Amino acid sequence: MLVAALPSFAYVAKYKEDFYRLFHVHYQQYPDDVMENIYWLEKAVAADFANPLYAAAKINDERDWEKYRYLFMMHVNLKIIEQYMRLGCTYDHAVAHFYDAPWKDIYLDQLQKTKSCYETGLYYWREAKLWAEKANTSAFRFLWLSDIQQWEDERERISTGKLDYEKILTRELARVQGVIDAFAAIESRKY
């Protein structure tokens, strides 16, 4: 059987917008899917911006372009936080039961992973807040990029304090530390 070889065209992800397009949320979020999304989003953070012609919003002038870049970076950092929180939930345990004593070491290891994910989320929250502050200066007060209204809404929620991942992550870290302490207090020999 002969098969004709047709030229194939590869899609090369080179710019922030390209890597962001590779980010997608699955119906079922398995750890590998979440780690893949984290990979693409972190690549988006590190890459260069594409030409304004290929931006995710219509760019009319240099002020639009500047605000777009700030909003893009803020939004990508927020998505990274969400992914790290999902990854942390995979390994999280709400309560340390006495009958979990035989698997205490496994649970402690998983809880350390959860803690690490939430701490990483705090790093990206500081980045997101920084970019939100840059997009919220008086120079952009009456400039709205309507194509990315969701990003504008996120910026506004951050500036008013309605979106505060630091509060959420700090609360979760304290809870996880409490569960770690409870597991550490369980005596394996008595079970």
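How each quantity is defined
Residues numbered from 1 in each chain as written. Predicted model: local features only at pLDDT ≥ 70, side-chain atom pairs only at ≥ 80, totals over all residues. Heavy atoms only, no water. Helix = DSSP H or I, 4+ residues; strand = E, 2+ residues; numbered from the N terminus. Rg over C-alpha atoms; globule rule 2.2 N^0.38 Å. Buried < 20%, exposed > 50% of the residue type's maximum accessible area, 1.4 Å probe, protein only. Contact = heavy atoms within 4.5 Å. Areas by Shrake-Rupley, 256 points an atom, 1.4 Å probe, with all protein chains shown as cover. Lys, Arg positive; Asp, Glu negative; His and termini not counted. Charge placed at Lys NZ, Arg CZ, Asp CG, Glu CD. Phe/Tyr/Trp six-rings, centres within 6.5 Å; stacked < 30°, edge-to-face > 60°. pLDDT = per-residue confidence, 0-100. Axes fitted to C-alpha atoms, helices over the stretch in contact; angles between N-to-C directions. Parallel < 35°, antiparallel > 145°, perpendicular 65-115°, else oblique. Nonpolar A, V, L, I, M, F, W, Y, C, P; charged D, E, K, R; others polar. Polar contact = N/O pair within 3.5 Å; in protein donor to acceptor, adjacent residues only side chain to side chain. Core = buried A, V, L, I, M, F, W, Y, C linked by side-chain atoms within 4.5 Å. Disulfide = S-S within 2.5 Å. Salt bridge = Lys/Arg side-chain N within 4 Å of Asp/Glu carboxyl O.

A. Here's a closer look at the overall build of the protein chain. What the protein chain contains, in helices and strands, is six helices and zero strands. Each helix and strand of the protein chain, ordered N terminal to C terminal, gives the series α-α-α-α-α-α. For the protein chain, the C-alpha radius of gyration of 21 Å lies well beyond 16 Å, the compact-globule estimate for 191 residues. Considering only C-alpha atoms, the protein chain reaches an extent of 70 × 65 × 25 Å along its principal axes. Looking at the protein chain as a whole, 41% of its 191 residues are labelled buried. Residue pairs at least 24 apart in sequence account for 78% of intrachain contacts in the protein chain once pairs closer than 6 positions are excluded. In the structure as shown, the protein chain presents an accessible area of about 11,800 Å², 55% of it carried by carbon and sulfur atoms. Separation of charge centres in the protein chain, based on 25 positive and 29 negative side chains, amounts to 3 Å.

B. Representation of the packing of aromatic side chains within the structure. Evaluation of the coordinates by the stated rule reveals 19 aromatic pairs. Geometrically, the ring pair formed by W65 and Y68 is stacked, given 5.6 Å between the ring centres and 15° between the ring planes. Residue W65 and its partner Y68 are both found in helix α3 (residues 62-91); the two are separated by three residues, about one turn of the helix. Since its relative accessible area comes to 16%, W65 is described here as buried.

C. Broad picture of the confidence of the model for the protein chain. Confidence in the prediction for the protein chain averages 90 pLDDT; 92% of positions are at 70 or higher. Looking at the elements of the protein chain, mean pLDDT is at its lowest for helix α1 (residues 16-22), recorded as 92, and at its highest for helix α4 (residues 104-135), recorded as 96.

D. Broad picture of the packing of α3 against helix α5 (residues 149-160). At a closest axis distance of 10 Å, the pairing of α3 and α5 adopts a crossing angle of 75°. The orientation of α3 with respect to α5, classified from their angle, is roughly perpendicular. For the pair α3 and α5, contact is made by K67, Y68, L71, F72, M74, H75, L78 and K79 and by Q150, W151, E152, E154, R155 and I158, respectively. When grouped by side-chain class, the residues that make up the contact of α3 with α5 number seven nonpolar, two polar and five charged.

E. Quick look at the environment of H75. With respect to the helices, strands and loops of the structure, H75 is situated in helix α3. Along the chain, H75 and L145 lie 70 residues apart, while their C-alpha atoms are 14 Å from each other. In this structure, H75 is in contact with Y20, Q150, W151 and E154, ignoring residues within four places of it in sequence. Only 2.8 Å separates the side chain of H75 from the side chain of E154, close enough to count as a polar contact.

F. Here's a closer look at the nonpolar core. Counting residues in hydrophobic clusters, the biggest one holds 54 residues, and the most contacted among them are Y68, M74, L78, I81, W125 and Y165. For this core, the secondary-structure elements that each account for two or more residues are α2 (31-46), α3, α4, α5 and α6 (165-185). At 15 residues, α3 tops the list of elements feeding residues into this core. Residue contacts for I81: discarding those within four places in its chain leaves G121, Y124, W125, Y165 and L169.

G. Geometry of the environment of L41. Relative to the assigned elements, L41 resides in helix α2. The class of L41 is buried, set by a relative accessible area of 0%. On a C-alpha basis, the gap between L41 and K16 in space is 8.6 Å, while along the polypeptide they are 25 residues apart. Every residue in contact with L41, bar those within four places of it in the chain, is listed here: Y20, F23, V76, K79, I80 and Q83.

H. Representation of the state of the cysteines in the model. Scanning the entire structure with this criterion turns up zero disulfides. Cysteine C89 remains unbridged, with the sulfur of C117 as its closest cysteine sulfur at 9.2 Å. For C117, a relative accessible area of 8% translates into the label buried.

I. The arrangement of the pattern of salt bridges in detail. Inspection of the entire model under this criterion finds nine salt bridges. For E166, the salt bridge goes to K129, with nearest N and O atoms at 4.0 Å. With E166 in helix α6 and K129 in helix α4, this residue pair connects regions lying 37 residues apart in the sequence. Residues participating in the shared-partner salt-bridge network are K67, E152, R155 and E156.

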